[in-house]
Amino acid sequence: MGSDSIPELLPGTLYLLILRALRGGPLHGYAIVKRIKEASGEGLQIEDGSLYPALNRMLVKGWLASEWGISENNRKARFYRLTREGRKQLEREAGEFDRLVRAIQLVMRTA
Amino acid sequence: MALWDEIGRRFAYLFRRAPFDRELEEEMRFHIQARADELEEAGAPAAAALAQARREFGSSLRIEEETRSAWQLRWLEDLGADLRYAARSMRRNPILAAAAAGSLALGIGANTTVFSVAKEALFSRPSCRDPQSLVEISVGRDVWIPMAQYRYIKDANLFEGLGGANIGMVVNWRLGNRSYRLAGTHVTDDFFEVTGIPVAMGRPIRRGDTDVAVITYGFWKNRLAEDPNAIGRVLVLDDRPYRVIGVLPRDHRMLAGFDFIPDLYLTKDTSEVMLYARLPQGMARSAAYARLKAVCGELDRVFPDVNRKWATGLRLSAVDGIERLRENGPMVIPVAAFFAMLGVVTGIVVLIACANVSSLLLARALARARELAIRMSLGGSRGRLIRQLLAESLLLALVGTGAGLLLNLWLDRLMSGIHIPTPLAIEPIIQPDGTLLAYSAAIAFVVTLATGLAPALKGTRSGIAGRLQEGGRESARAGGALRNALVVGQLAVSIVLLSGGLLFLRNLLSAASFNAGFDTEHSVESTFQTGAHSPREFAALVDRALERLRALPGVEAASPASAVPLNPFLAFNRPNVKFRPDGGAREVRVEYNFTAVGPDYFRTLGIPILEGRAFSDADRAGAPEVAILNENMARRLFGGTRAVGRTLRFPDNHDVTVVGVARNCKYVTLGEEGAAALYAPYAQQPDRANVHFFVRGRGASAAMVRRVDESLGDLDPTAAVDTHSMHEVFHGALMPSRVAAATLGAMALIGLLLASIGLYGVLLYAIHQRTREIGIRVALGATPGNVLAMVASESLRLVAAGVAIGLAAAAVAVRPLAMFLVPEVRPGDPLNFVAVACVLALVAGLATVAPTLRALGVDPAVALRHE
C-alpha cells in the first residue's frame, strides 16, 4: 500500500477523526483505522504508529474510555468508547473544522 | 476540574506501569493479528500475511515508547532519577554528606524550634468555643472592672453572655494542718458557659453554682496524684470548702494566652474582674461597641467616679491572634523582640550551614566539570544539568530539614516540660502542626536554592572547548573565588553571633556581681494576702504580723511594703505626675516608682539614707504626710539643691514633706537606668488586702524562709502566704539574661564550628589544587618556611577579610541588644570586639593547621606527576 497516493492528514485532525469514528459505538484500534479508511473511500490512512499514542493521549484527556472485550473473530481486544467529555469535544472540533473547511473553500473559489 | 482529573489519571498511571506495558503489547499483537487475518482472507498464505502485517505496523518499540510518554509526567520521573543519582553520589562520600546534612539539621532544628515556641507563646489559640465571637472588653480605659459595674452591664443583656474572671489570684489551700499557695482564677458562675471552655472530666461550672472548682490537669496530676475520684472531692480554699466538679484537659490554654496556667478555676466574688463577652450570631463588633457605649453612659450616671469615666476608652478586642498581642503591648514587646532576635540568630546559623553545603557542592560540581562539559557538548541541555545538580542540594536540604524536624520535636518535648514559676505559672505546650510543616518546607526550598544554585550555575558555565582541554582547571579557579567569598561570609556572620553571645555572657557575669542597690543576701520577702478586712483591722493584722516576725530567732528587722523590687508581677505602681516643688508655680512631670514602706524597710534591705532620716513610728495615719525620695527623683525635682525639708505639691493640691533621700537602686528591671522612686510611710497609706513583708536576718537560709512562712501562715490561716529569699527574687530577674546567654552562646559556638569547618575545607581544597605548584616550588628549593608562609597567607587573607566585614556588621547589629542588658555592659564596647576577633583568629588558626601539614608533606616527585 503506497503511502504516496494518500494525502497527509491535516495537523490536529487525527483526534477529530478518531472521535467521529467512535460516535457509532465502541471499536478496537484496528477497527478504528478501518472505519476511517472505508468512510473516506480509501482516501485517508491513519499511520499505525501514530494511532496508539493518540488514543492514549485522548485517554489521558478523558475523552475516551477503554475496556477489554471480545472481537468479531473471537479474540481478546481493547475497545475504546466516547465519554461525555469526548462527545462534547467532538461537537466542538467538528464545528471548528466545518468553519475552517468552508473558509478555505471560499478562498479557493473566489480569491 | 478537567485539569485535576487529568493529573489524577496520570498519577494513577504511575502505580500500574507494569500492567500497562503488558496490555499495550497485547493490544498491538491483536492489531497485527487482525490485519494478518484480513490479508489471509484476501488469499495470502498465513506466514506471508503475518510478515506483511508486521512490516506495515512498523517499530512496536517506538510506538510503545511514544504511547507511554502520553501518560508520563516527565519532570516527576526526571526528578526521581536525579534524586537517585544524587543519593548514589552522596553514598560515595558519606562523611561529607552527613556533615553537610548534619550542619543543616542543627541550624534548621534550632530555627524551627524558635518558630514553634514563638508561635505558641504569641499566637496560641485559647481553649474556648468559637474564639471569633468572643471578645475581651475594656471599660473606662481598663480591662479591670469592679463587680458592681460588671453586674450592671450584664443586666443590660447586650450580648449572648458576659462572664468575668480574675486571673492569677493567690489561693490558700488547707490540707491537713498545712497550707499550700495555689494560683486560682476567680470566675463568675457563667464564665464557663460564655467562653465554652472544654473540660476533660466532670463538668464545667454552670450558672447558679457556688463554692465549686474546676482544676487543671497539672494540679490533678501533681497535687491530687491523679486521683480517679477527684470529681466531688472537697478542697478547703481560703478557709472555705469547694467541691471539685471538673478537670481540664492537658492542653488547656487560658484566655490570657502566653501559656499562663493557674492551678484551678473557682467561683468566688472578687473585687474586680476582666470581662469576656459572647457576641450574638452575626453581631458586628461595631454594633456591639455602640450598644456597650450607651450602657456605659448610664454607668457614669449610676456610678459617678472622678477618676474613671466609664464611657471612655471602650474596647472590644479578640482573644487570640495579633489583636491579643496588641492588647498586651508593653508586656509583649520585649518577648517578641527576644524571639525575633533568636529567630535571626538561628537563621544566621542556617545560612552558615548553607555556605558549607554550597561550598561542598561547588567542589563536587567542579570536580565533575569535565563530565558536565562532555555532556553539554553532546547536546545535553544546560537546564537539564542544572536541575541534576540542584537535585543534590534538594536531597541534602530534605535530609537536613527532616533531621532538623526530629531535633525540633525533641526540643519541643523538652520545652513542654518546663514550668516557669512565675506567680501565675507558665507551662508551654508546644506541638508540631501544619504551620510548622509549611514553614519547614519553605526553609527546605530556600536552602535548596541557597546551597545549590550558585554551584549549579558555576559548574555548567564557561566555554566547552576550554573545559575539555583544561580539565576544568580554569573554572576551578573561578569556583575558588566563590568558595572564598562563602568562607569570608561565614567568618563575618560568626563574628556577629559571637559578639552577641559575648555581650549576654558579660551581662550575666556583671549582673551576678551586680549591685542592685540593696542587700540580697540577708533578706527574705513574703507576700501576704488575706480576704477583705476593714482598714483598721488590716492595719492591726499587719502590726501583729510584724511583732511575730521580729520575735523569730535570728531576725534583726522587719518591715511591710506595698511592692517587691525586681519582680515584674508584684511591681511598683508607676504614677506619672506633674509635681509643683515647694508649692510654687513651676511644674515638673515625673514618672516614678511608688512604694509604701515601714520604718525599718531601708535597714532591712540595706538601702542607705543619704540625707535626712528614714521613716519612724511617728509617721502614722493622721500625722503630717512625709516622703523619702531616691537621688534621681530628688535631682529631678529640686536640681542640685538640698531636698530634705522641702515640700512637694501633688496635682490635687495636697502637700507632702520630703524627710529623706535614699540611695538609688533597681526597682523593676536590672536594665533600668535613672529610675525615679518615691517612698511613703506604710502607715499613712489606706487599706490593702495584701502586703509584702521584708525580714532581715543573719542570713536568708531555707530555714529562715520556712520560719517566716509558717509564722505568717499561723497568724491567719485564711491568708495566702508566699515567701522567698531576696537572693531568689534577684536571680529570677536574671533569668531572661541567662536564657539569652545560653541560647546565643550555643548558637555562636555552632556557627563558629561550622565556619571553621568551612575554612578548613577551603584551605584543604586550595592546597589540593596547588599540589603541583607546591611540588615545583619545593623542587626548585622552596623551604618548609616558604610553604608555610604560602598557606598561612592564604588563610590570613580570608580570616582578615571575614573579621573586618564581621566587625563592621557586628558594630551595627548588636546595638539593639542594649534593651536586654544591664547598663554596665555596653554593646559598643571595643573590648568585646577585640575579644571576639581573638577567639575567631584562634579557631581559624586551628583550622589552618591540618591543611598546612598537608602542604608541608607534599613530595615533589609525586606532586609533579599529579594531575
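A few points on the structure. (Residues numbered from 1 in each chain as written. Chains lettered and ligands numbered in written order. Predicted model: local features only at pLDDT ≥ 70, side-chain atom pairs only at ≥ 80, totals over all residues.)

1. Re the overall build of chain B
Item 1. What chain B contains, in helices and strands, is 26 helices and 22 strands.
Item 2. Per-residue burial over chain B gives 40% buried out of 867 residues.
Item 3. Taking all contacts inside chain B whose residues are at least 6 apart in sequence as the whole, residues at least 24 apart take part in 82%. (Helix = DSSP H or I, 4+ residues; strand = E, 2+ residues; numbered from the N terminus. Buried ≥ 20, exposed ≤ 12 C-beta atoms within 10 Å, placed from the backbone. Contact = placed C-beta atoms within 7 Å.)

2. Topic: the overall build of chain A
Item 1. Counting secondary structure elements, chain A contains 4 helices and 3 strands.
Item 2. Tracing chain A from N to C terminus, the helices and strands come up as α-β-α-α-β-β-α.
Item 3. Across the 111 residues of chain A, 25% fall into the buried class.
Item 4. Sequence-distant contacts, at least 24 apart, represent 49% of the contacts inside chain A between residues at least 6 apart.

3. Quick word on the interface of chain B and chain A
Item 1. Counting from both sides, the interface comprises 21 residues of chain B and, opposite them, 15 residues of chain A.
Item 2. Among the elements of the structure, helix H1 (2-14), helix H2 (17-41), helix H3 (46-57) and helix H4 (60-71) of chain B are those that each provide at least two residues to the side of chain B that touches chain A.
Item 3. Considering every element that reaches the side of chain B that touches chain A, the biggest residue donor is H2(B), with 7 residues.
Item 4. Tallied by class, residues from the side of chain B that touches chain A come to 7 nonpolar, 4 polar and 10 charged. (Nonpolar A, V, L, I, M, F, W, Y, C, P; charged D, E, K, R; others polar.)

4. Some points on unusual backbone geometry
All names here are of chain B.
Item 1. Unlike most non-glycine residues, Asp-130 shows phi in positive territory, near 40 degrees.
Item 2. Here Asp-130 shows up in the loop between helix H6 (94-123) and strand S1 (134-138).
Item 3. A residue is classified by how many C-beta atoms lie within 10 Å of it, and Asp-130, with 11 of them, is exposed.
Item 4. A positive phi angle is found at Glu-226, which is not glycine, with a value near 55 degrees.
Item 5. Looking at where Glu-226 falls in the secondary structure, it is placed in the loop between helix H9 (217-222) and strand S7 (234-237).

5. As for the environment of B:Leu715
Residue and element names in this part refer to chain B.
Item 1. Among the secondary structure elements, Leu-715 is positioned in helix H21 (residues 702-715).
Item 2. With 17 C-beta atoms counted inside 10 Å, the residue Leu-715 sits in the partly exposed group.
Item 3. Sequence spacing of Leu-715 and Arg-544 is 171 residues, and the spatial spacing of their C-alpha atoms is 8.2 Å.
Item 4. The residues contacting Leu-715, other than those within four sequence positions of it, are Arg-544, Ala-545 and Arg-548.

6. Things to note about the sheet that holds strand S1 (residues 27-28) of chain A
Item 1. Pairing in this open sheet of 3 strands is antiparallel, and the strands run S1-S3-S2 (chain A) from one edge to the other. Strands at the two margins of the open sheet, each flanked by one partner only, are S1 and strand S2 (64-70) of chain A. (Pairing = 2+ DSSP bridges.)

7. Details of the packing of helix H1 (residues 13-21) of chain A against helix H3 (residues 48-61) of chain A
Residues and elements named next belong to chain A.
Item 1. Where H1 contacts H3, the axes come no closer than 11 Å and their chain directions differ by 75 degrees. When the axes of H1 and H3 are compared, the pair comes out roughly perpendicular. Counting all contacts with H1, which are made through Leu-14, Tyr-15 and Ile-18, the residues of H3 involved are Ser-50, Ala-54, Leu-55 and Met-58.
Item 2. Classifying every residue of the contact of H1 with H3 gives 6 nonpolar, 1 polar and no charged. (Axes fitted to C-alpha atoms, helices over the stretch in contact; angles between N-to-C directions. Parallel < 35°, antiparallel > 145°, perpendicular 65-115°, else oblique.)

8. Describing the packing of H1(A) against helix H4 (residues 84-110) of chain A
Residues and elements named next belong to chain A.
Item 1. Following both chains from N to C, one finds H1 and H4 inclined at 125 degrees, their axes separated by 9 Å at the closest point. It follows from the interaxial angle that H1 and H4 lie oblique. Handedness of the crossing formed by H1 with H4: left-handed. Along the contact surface, H1 presents Tyr-15, Leu-16, Leu-19 and Arg-20, while H4 presents Gly-86, Gln-89, Leu-90, Glu-93, Ala-94 and Phe-97. (Left-handed = near helix turned anticlockwise from the far one by under 90°.)

9. Quick look at the pairing of strand S20 (residues 676-681) of chain B
Residue and element names in this part refer to chain B.
Item 1. With 5 of its 6 residues buried, S20 lies for the most part within the structure.
Item 2. Of the strand pairs in this sheet, strand S15 (residues 588-597) and S20 are connected by 6 bridges, and their pairing is parallel. Considered in S20, the bridge of Ala-596 is made with Ala-680.
Item 3. Where strand S17 (residues 626-630) and S20 come together, 2 bridges link them in antiparallel fashion. Bridged to Leu-629 within S20 is Leu-678.

10. Side note on the nonpolar core
Item 1. Counting residues in hydrophobic clusters, the biggest one holds 210 residues, and the most contacted among them are B:Leu104, B:Val349, B:Leu491 and B:Ile495.
Item 2. The element best represented in this core is helix H22 (residues 726-769) of chain B, accounting for 18 residues.
Item 3. In this structure, B:Leu491 is in contact with B:Ala755, B:Leu759, B:Val799, B:Gly802, B:Val803, B:Gly806 and B:Leu840, ignoring residues within four places of it in sequence.
Item 4. Judged by nonpolar contacts, the second largest core, of 23 residues, contains A:Tyr30, A:Tyr52, A:Leu82 and B:Ala34. (Core = buried A, V, L, I, M, F, W, Y, C linked by C-beta atoms within 7 Å.)

Geometry only, nothing functional implied.
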